[in-house]
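Fold and contact review
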Amino acid sequence: MDDNPVIETSISTRVLTPADVKAYRSVRLRALHERPPAFGSLPETEPDLAETAVRLAESMDRCFFGAFQVKRLIGIIRLSRYEAINEKHRAYLAGLYVLPEFRKRGCGRVLVSQALHRATMTAGVRRVNLTVVTQQKNAIRLYQSFGFRIYGTEHETFIKDGKYYDEYLMTLELNANPL
Ligand SMILES: CC(C)(COP(=O)(O)OP(=O)(O)OC[C@H]1O[C@@H](n2cnc3c(N)ncnc32)[C@H](O)[C@@H]1OP(=O)(O)O)[C@@H](O)C(=O)NCCC(=O)NCCS
């Protein structure tokens, strides 16, 4: 039997704003409680609502995207650009998470696609990097389907529930993007 709720309308995505702060923080906290862990960050050190709202304000260098089922936020991702003047040709993806009950319906794909579209459209960005916990096979497969390749492994990146976790370093070249 399928325990997932019936999806009656398609998923939509858009850039998140400070007005989405409560929904975003709630999804983010669920992400940080995921087991086995998908993220090293700890729920107790997650910024409070006020600080999260400040972060959600879109800037030249950082943007959060959300996937919605009707009006409910069900998935999130962040695209950030490296800040140093001589590193701005790189961006990184982080925080990809889809609520478990809404997975396997294309939501993760549409979020990665949106974020990569933004990266491609940003003049000067020619590479997107990310890190992913080596156990997160679904995420790794999803990233690989966009052309990301693993270029290294960072061992024992973090510890959760008494266990050490490794992360793959992944990268994608945006060939078409001019300087
Ligand atoms: C990784 C993650 C975001 C993927 O989200 P998702 O919404 O399930 O992703 P998608 O639905 O786009 O794709 C996942 C799979 O569902 C399949 N799928 C998509 N639509 C489908 C549909 N309508 N029916 C059946 N399968 C479908 C895809 O083909 C894909 O299959 P594959 O994994 O065998 O290649 C999600 O599993 C997650 O949140 N994981 C925990 C957090 C995590 O690991 N984040 C990465 C941090 S770096």
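Placed above this text is the structure.
Before going into details, it helps to say that this report is about the structure given with it. (Residues numbered from 1 in each chain as written. Predicted model: local features only at pLDDT ≥ 70, side-chain atom pairs only at ≥ 80, totals over all residues.)

**Describing the site of the ligand**
Neighbouring residues of the ligand: 19 residues in total, closest Ala38, Arg103, Gly108, Arg109 and Ala139. Counting residues per element, the ones that place at least two in the shell around the ligand are β4 (90–98), α3 (107–121), β5 (127–133) and α4 (137–145). Residue contributions to the shell around the ligand peak at four residues, all from α4. Taken together, the residues of the shell around the ligand sort by class into nine nonpolar, four polar and six charged. (Near = placed C-beta within 6 Å. Helix = DSSP H or I, 4+ residues; strand = E, 2+ residues; numbered from the N terminus. Nonpolar A, V, L, I, M, F, W, Y, C, P; charged D, E, K, R; others polar.)

**Considering the nonpolar core**
Formed by 38 residues in total, the largest nonpolar core has its most connected members in Ile77, Leu111 and Ala115. Listed by contribution, the elements that provide at least two residues to this core are α1 (21–32), β2 (62–69), β3 (72–81), β4, α3, β5, α4 and β7 (163–173). The contacts of isoleucine 77, once residues within four sequence positions are left out, are Phe65, Leu93, Gly95, Leu96, Leu111, Val112 and Ala115. (Core = buried A, V, L, I, M, F, W, Y, C linked by C-beta atoms within 7 Å. Buried ≥ 20, exposed ≤ 12 C-beta atoms within 10 Å, placed from the backbone. Contact = placed C-beta atoms within 7 Å.)

**Details of unusual backbone geometry**
In this structure, proline 36 follows arginine 35 across a cis peptide bond, with omega equal to -5 degrees. For proline 36, the location among the structural elements is in the loop between α1 and α2 (49–56). Its identity is not glycine, yet lysine 104 carries a phi of approximately 65 degrees, on the positive side. Residue position: lysine 104 is located in the loop between β4 and α3. Positive phi, normally seen in glycine, also occurs at glutamate 156, with a value near 50 degrees.

**Digging into the packing of α1 against α2**
Working note: a packed helix pair is described by the angle between its axes plus the distance between those axes. Where α1 contacts α2, the axes come no closer than 10 Å and their chain directions differ by 105 degrees. One way to sum up the angle between α1 and α2 is to call them roughly perpendicular. Of the residues in α2, those in contact with Val21, Lys22, Tyr24 and Arg25 of α1 are Leu49, Thr52, Ala53 and Leu56. Looking at side-chain class alone, the contact of α1 with α2 contains five nonpolar, one polar and two charged residues. (Axes fitted to C-alpha atoms, helices over the stretch in contact; angles between N-to-C directions. Parallel < 35°, antiparallel > 145°, perpendicular 65-115°, else oblique.)

**Describing the sheet that holds β3**
Pairing is mixed across the open sheet formed by seven strands, whose spatial order is β1-β2-β3-β4-β5-β7-β6. For this open sheet the edge positions go to β1 (11–15) and β6 (149–160), each flanked by a neighbour on one side alone. Along the sheet, successive strands turn relative to each other by an average axial angle of 25 degrees, direction set aside. Running at roughly 85 degrees to β3, α1 makes contact with β2, β3 and β4 of the sheet. Where α4 meets the sheet, it contacts β4, β5 and β7, and its direction lies at approximately 160 degrees from that of β5. (Pairing = 2+ DSSP bridges.)

**Remarks on the environment of glutamine 136**
By secondary structure assignment, the location of glutamine 136 is in the loop between β5 and α4. A count of 20 C-beta atoms within 10 Å places glutamine 136 in the buried class. Spatially, the C-alpha atoms of glutamine 136 and tyrosine 168 are 9.9 Å apart, while their sequence positions differ by 32 residues.

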